[in-house]
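# Observations on the model geometry
Read off the chains here:
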Amino acid sequence: MDSLQNLLEFNKSWAERVRSENPEFFEDLSKGQHPNYLWIGCSDSRVPETEIVKQHPGDIFVHRNIANLVLHSDMNSQSVLQYAVQVLKVEHVIVCGHYGCGGIKAAMGDEKLGLIDNWLRNIKDLYDMNRSDIDTLPTEAEKVNRLSELNVQQQVHHVCENPFVQKEWADGRELWVHGWIYNMETGLIKDLDVTVGKDG
Ligand SMILES: [Zn+2]
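Residues numbered from 1 in each chain as written. Predicted model: local features only at pLDDT ≥ 70, side-chain atom pairs only at ≥ 80, totals over all residues. Heavy atoms only, no water.

A few words on the coordination of the zinc ion. Distances from the zinc ion to its protein donors, Cys 42 (SG), His 98 (NE2) and Cys 101 (SG), fall within 2.1 to 2.3 Å. The sequence motif formed by the donor residues of the zinc ion is C-x55-H-x2-C. We note that His 98, like Cys 101, is buried. (Donors = N, O, S within 2.8 Å, 3.2 Å for Na, K, Ca; no water. Buried < 20%, exposed > 50% of the residue type's maximum accessible area, 1.4 Å probe, protein only.)

Scanning all chains against the criterion turns up 13 salt bridges. For Lys 89, the salt bridge is made with Glu 168, and the minimal N-O distance between the two is 3.0 Å. Placement of the pair is Lys 89 in the loop between α4 (75–87) and β3 (92–98) and Glu 168 in helix α9 (residues 163–170), with a sequence separation of 79 residues. Looking at Lys 89, the relative accessible area reads 40%, which means it is partly exposed. What makes Glu 168 buried here is its relative accessible area of 4%. Among the ionic pairs, Asp 128 bridges to Arg 131, the shortest N-O distance being 3.8 Å. Asp 128 gets classed as partly exposed once you look at its relative accessible area, which sits at 46%. Bridged by salt links that share partners, the residues Arg 121, Asp 125, Asp 128, Arg 131 and Asp 135 form one connected network. (Salt bridge = Lys/Arg side-chain N within 4 Å of Asp/Glu carboxyl O. Helix = DSSP H or I, 4+ residues; strand = E, 2+ residues; numbered from the N terminus.)

The five strands lie next to each other as β2-β1-β3-β4-β5, forming an open sheet whose pairing is mixed. Looking at strand neighbours, the two that pair on one side only are β2 (60–65) and β5 (188–191), the edges of this open sheet. Neighbour-to-neighbour, the strand axes of the sheet open up by a mean angle of 25°, direction not taken into account. Relative to β3, strand β1 (residues 37–42) runs parallel, the two sharing five bridges. If you follow Trp 39 over to β3, its bridge partner there is Ile 94. Along the sheet, α4 makes contact with β1, β2 and β3, crossing β2 at roughly 170°. (Pairing = 2+ DSSP bridges. Axes fitted to C-alpha atoms, helices over the stretch in contact; angles between N-to-C directions. Contact = heavy atoms within 4.5 Å.)

Here you go:
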């Protein structure tokens, strides 16, 4: 319980600090949000999007799940995507995976984990499709990292296929979809250069 109480104490001191630096901060934010970015990332606790790209509350609309998947059958991610592009009018959708992803590792193995096996099925399929390339890599870590990159690329593709994203492009709006990957060993993000825009 002590550690939970700490969180509430930390929250109090954080709110006081923010208010002392910018007395209108919370009042302004409470009026509405106008984020320019939608971040689709992994639930992994080591990849806190707002912190690693030095943004503030209100700057990034966020969807995170295990292994940063954007599945057409998943109403959660599809709803977030629709709201972000159609209502919030974000200019950039960023799919950001990370090296050493536990979800990717699990998808490459044969261990039965329960419900999550269904979720990871899509990554298993992606692995099967690219097995001849991935399995030539010498180490387990390199294989996981390569599949992590391929997974980001595939999710970028899925975002681009979303009908609401397609509609924004058909209307001629500036909307970009990016694929990034985060390296936990260095703290650095690599752009996978798979950006798609209205002419893409
Ligand atoms: Zn992960």
